[in-house]
Amino acid sequence: MKSYQKLTTAVLQPAACRVEEEGAAQMSAGHRKLAPWCVGSGLLVAAMLLSATTVWVLRQVSGGWPGPTLPPKCLLVPESHRFDCYPERHVVVTRELCESRGCCFIESLPPAGGKRGVPWCFYPPDFPSYTLDSLNQTALGMVGLLVRREKAYYPRDIEMLRLDVEFETDTRLHIKLTDAANPRYEVPLEVPRAMKRAENPIYTLDFSRDPFGVLLRRRATGTVLLNTTVAPLIFADQFLQIATSLPSRFLYGLGEHRGTLLHNLDWSTLTLWARDVSPTESFNLYGAHPFYLLMEEGGDAHGVFLLNSNAMEVVLQPAPGLTWRTIGGVLDFYIFLGPDPNMVIQQYQQVIGFPAMPPLWALGFHLCRWGYGSSNETWQTVRAMRNYQIPQDAQWNDIDYMDGYRDFTFNPQKFASLPSLVEDLHKHGQYYVIILDPGISSTNPHGSYWPFDEGLKRGLFLNTTQGQPLIGQVWPGFTAFADFSNPDTHQWWLENLQHFHAHVPFDGLWIDMNEPSNFMDGSEDGCPPGELDSPPYTPAVLGDSLSAKTVCASAKQKASVHYNLHNLYGLMEAKATASALIQIQGKRPFVISRSTFPSQGRYSGHWLGDNRSQWKDMYYSIPGLLSFSLFGIPLVGADICGFSGSTSEELCTRWMQLGAFYPFARNHNTQNEKAQDPTVFSPAARTAMKNALLTRYSLLPFLYTLFHRAHLQGDTVARPLFFEFPWDMATLGLDRQFLWGRSLLVTPVLEPGVESVTGYVPRGVWYDFYTGSSVNSSGEMLKMSAPLEHLNLHVREGAILPTQKPGTTSEATRGNPLRLIVALSSSATAWGDLFWDDGESLDTFERGNYSYLVFNVTQNIFTSTVLHASTEATEVTIGTLSIFGVREPPSKVLLNGQEKPFSYLDNQVLTVSDLGLSLSQGFSLQWL
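The sections below set out a description of the structure shown in this document. From a predicted model like this one, the values you see are computed outputs, not experimental measurements.

Conventions we followed
Residues numbered from 1 in each chain as written. Predicted model: local features only at pLDDT ≥ 70, side-chain atom pairs only at ≥ 80, totals over all residues. Heavy atoms only, no water. 1 Å grid on protein atoms, 1.4 Å probe; cavity = no way out; pocket = protein on both sides within 12 Å on 5 of 7 lines; lining within 4 Å. Points joined across faces, edges and corners; volume = space filled by probe spheres on them. Helix = DSSP H or I, 4+ residues; strand = E, 2+ residues; numbered from the N terminus. Nonpolar A, V, L, I, M, F, W, Y, C, P; charged D, E, K, R; others polar. Disulfide = S-S within 2.5 Å. Buried < 20%, exposed > 50% of the residue type's maximum accessible area, 1.4 Å probe, protein only. Salt bridge = Lys/Arg side-chain N within 4 Å of Asp/Glu carboxyl O. Pairing = 2+ DSSP bridges. Contact = heavy atoms within 4.5 Å. Axes fitted to C-alpha atoms, helices over the stretch in contact; angles between N-to-C directions.

Comments concerning the layout of surface pockets
To find the voids left in a structure, one rolls a probe of water-molecule size over its atoms.
Phase 1 of the analysis: Counted as a void, the second largest pocket has a volume near 500 Å³.
Phase 2 of the analysis: For the second largest pocket, the lining is made up of 32 residues, of which A356, M357, P589, R602 and H711 are closest to its centre.
Phase 3 of the analysis: At the level of elements, α10 (569–585), α14 (700–713) and α17 (844–847) are the ones that each hand at least two residues to the lining of the second largest pocket.
Phase 4 of the analysis: Here the lining of the second largest pocket gets four residues from one element, more than from any other, and that element is α10.
Phase 5 of the analysis: By residue class, the composition of the lining of the second largest pocket is 18 nonpolar, eight polar and six charged.

A look at the state of the cysteines
Phase 1 of the analysis: Going through the model one piece at a time under the given rule, you end up with five disulfides.
Phase 2 of the analysis: Residue C85 pairs covalently with C103 via a disulfide, S to S 2.0 Å. The sign of the S-S torsion, about 75 degrees, decides the handedness of the disulfide formed by C85 and C103: right-handed. Placement of C85 in the loop between α2 (72–75) and α3 (95–100) and of C103 in the loop between α3 and β3 (104–105) is noted, with a sequence separation of 18 residues between them.
Phase 3 of the analysis: We classify C103 as buried; its relative accessible area is 7%.
Phase 4 of the analysis: One disulfide in the model links C527 with C552; its S-S distance is 2.1 Å.

So, empty space enclosed by the protein
Phase 1 of the analysis: Counted under the stated rule, the structure contains four cavities of 30 Å³ or more.
Phase 2 of the analysis: By volume, the largest cavity amounts to about 140 Å³.
Phase 3 of the analysis: Together, 13 residues line the largest cavity, and V214, L226, T228, I242 and F333 are the ones closest to its centre.
Phase 4 of the analysis: Of all elements in the fold, only β8 (172–179), β13 (239–245) and β20 (331–336) reach the threshold of two or more residues within the lining of the largest cavity.
Phase 5 of the analysis: At three residues, the largest contribution of residues to the lining of the largest cavity is made by β13.

Some remarks on the pattern of salt bridges
Phase 1 of the analysis: Going through the model one piece at a time under the given rule, you end up with 42 salt bridges.
Phase 2 of the analysis: The salt bridge involving R95 is made with E99; its shortest N-O contact spans 3.6 Å. Here E99 and R95 lie together in helix α3, a separation of four residues that amounts to about one turn.
Phase 3 of the analysis: For E99, a relative accessible area of 41% corresponds to the partly exposed category.
Phase 4 of the analysis: One salt bridge in this structure joins E454 and R458, with 2.9 Å as the shortest N-O distance. With E454 and R458 both in helix α7 (residues 450–458) and four residues apart, this pair spans about one turn of that helix.

What to know about the sheet that holds strand β31 (residues 639–640)
Consider a sheet: its strands pair through backbone hydrogen bonds, and that pairing is either parallel or antiparallel.
Phase 1 of the analysis: Strand order in this open sheet of nine strands is β30-β29-β28-β27-β23-β22-β21-β32-β31, and the pairing throughout is parallel. What marks the edges here is a single partner per strand, and that holds for β30 (636–637) and β31.
Phase 2 of the analysis: Where helix α5 (residues 375–387) meets the sheet, its contacts fall on β21 (365–367) and β22 (394–397), and the angle it forms with β22 comes to roughly 160 degrees.
Phase 3 of the analysis: Here helix α6 (residues 418–427) sits on the sheet and contacts β22 and β23 (431–436); the angle it forms with β23, its principal contact strand, is near 135 degrees.

Digging into unusual backbone geometry
Phase 1 of the analysis: Of note, the bond from G255 into E256 is cis; its omega dihedral lies within 30 degrees of zero at 5 degrees.
Phase 2 of the analysis: Omega for the bond connecting A319 with P320 falls within 30 degrees of zero, at 0 degrees, which places this linkage in the cis form.
Phase 3 of the analysis: Residue position: P320 is located in the loop between β18 (312–317) and β19 (321–326).
Phase 4 of the analysis: Phi at S282 is positive, roughly 75 degrees, even though this residue is not glycine.
Phase 5 of the analysis: A positive phi angle, close to 65 degrees, is found at A828, a residue other than glycine.
Phase 6 of the analysis: Position of A828 relative to the elements: it lies in the loop between β42 (818–823) and β43 (830–836).

Printed below as a string of structure tokens:
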């Protein structure tokens, strides 16, 4: 058996770290073979020698180990490179248990706080793995056969694996491992099929034969992106594991979790299994996103996506290294080579699908609470918002609108005036959104509740292993769960929504509890014995069981068992819901979902769940929304001012300022807590909140254009700073600030009792959004004044932002004149664009029903060029041009050659007003 690490002295010689030439031409992409585990040799060898020396010293001091002598091969593995051989939780791992698996056992000090640290039981360098038996070229790449000659320690070990490699594009590689003999469950996600092999890939791929391993390098730098020889590949029926070294510690993604944007690699485990629980650090939360982005030294980036929907955990360790561990399906990897982080995310979305274009009103301010109590009380809140002229596009209701918490009903007493409320919203250019849960009440007298009766008749619910509807418990009491993997369920869902829409013409849908959530574990009868509900290995899920607060993993669905489909439940419901809304309204659907999976952005947005009214929750919302930007779900936000608990005026004011810059902005509150909509606070706080929302509404043309770019090519909307400054190491851990697009920097206050905020300002010239005053940064932390009424916003040099005089709804704002804000670069140039359509019709870009303008400044001339025009653009005018950074006072300004009055301020801001230009006409403006 070849070893994972050649630990002879030869490792110290550079020659041993060459990629060896391999005579057998079928062995690799480049007819080469990796000399196993030499990668990163210098540091690794040093660490090994230090570790071995430490062990030797300890043995001398202590007079030797108590108990058996450890094999040298175990002592030579540095702590940071110990890959866990006994990951089972709630087991005291003894030497006997460990060695029964053929692994090394060395006790080490446990970390503080009860966290997991260095594994005591870890793989030795020569642990048996698969051997690459054959490798042949195909039209798109290669196909190989892997053979395991010694069984691993999980049941139903698969002896022969098929390896498929496709060089899909120059920046995308597809590697898939599956059972060579028998079909296995695969995620039913539509992915693009490559038609020809990439001609000039920016990566090189090599293999180790024995043990099998993948070595992926970036061609330009030689950086090793993946090296899977660091630990054995295990592929049993219900335990699949593959590990890799990482080229740096700058790792992001792997959702849904609460934590910092940049992951901690010190022995952390991230579990992916959709679960209803208030966001808490280290818990598996509502969605599953097996995708990571990694920043390499020097500013390059790559991403890795494991297309697998089973319960999974990803283990991070300080080597740096990463282990994927899943309990079903196949190992289906896509690797995206960037080389910059924006491109990685675009390439990821080329596989999972680009997000849908939201309706314009979705980008307005939304207001909700659980516990309005009645439609009249809801209406009073809407009227109070109008009375204070605070912007609001949508009013929502939580489950209290329903009759007995049953879907597709409304309370005939407390919400009798609901249809009138919705009619009034529509008259005022506003919209109405309701909550829906997937649990359908199952205890009503036969014939009294059509959704259940009809679903039962058509066989549309999740079933037990006995073939009966699985009954759990949610808000209405006992419930059955709709099976959205069945196309017939989509039709039934549509019919239910049509019936309800005829009474209450809602505009959007909020789909909650769709992990799916269950107040029982499994069902009213528990779960049956068997390896679906009690698998040989259970990942580190909250509750220690796959059925904790959800349905049984053994539940039968049309497409497969719930064991395989659980993490897809929210995605499948979102797909059915978006489709139903399109059929009912004939317009762009608005759906917000709690549970999510890759490709969700095609059908819905997401809110970050049941947060609390605490300062730390406000902070955690920023890494949350930035992570979902990476996942291709740009329409994302947190409950502004917090859902549970009681907010304070100061917290809610600061949160409304931050929340005005969530791509999806909704203030939401739980029942039995004091109200937290802007109207209930003091005049000063109310004014600060109103001004933050007016600023958001003024930026709607810019925000809408960002969403167009997300829909068209996968650009992020809310963006981490390191996306724009990947070579600036200081940006890699920043998650208390963020950008809109590439050019608007948001620096919120995230702590109480302060009048200033310290934020990082990347190198270059930045302009105060409100005044146009400039700050020239060398890339430094700057202290900014931040009284309670002020949110710091800065515009990046070289940008042109389309803004608009704000109204109290997006519809009212749409008709107002535009103001273009030009932020000149140090070389006096700038660029920007604007996408404009009717704000609601389907596929406007695809059908050509839109306007697209490009703005440019060079040599003191501003030009607006209409690249595509539609009738909507003729209804809008450009009123004002504000140019920041004009160093010399102009003597005159010419609009299309005609002189125009202007103003010029000492802070180098030139303003030209009353332009009255139609958006559909190009123009030029020059200052001399």
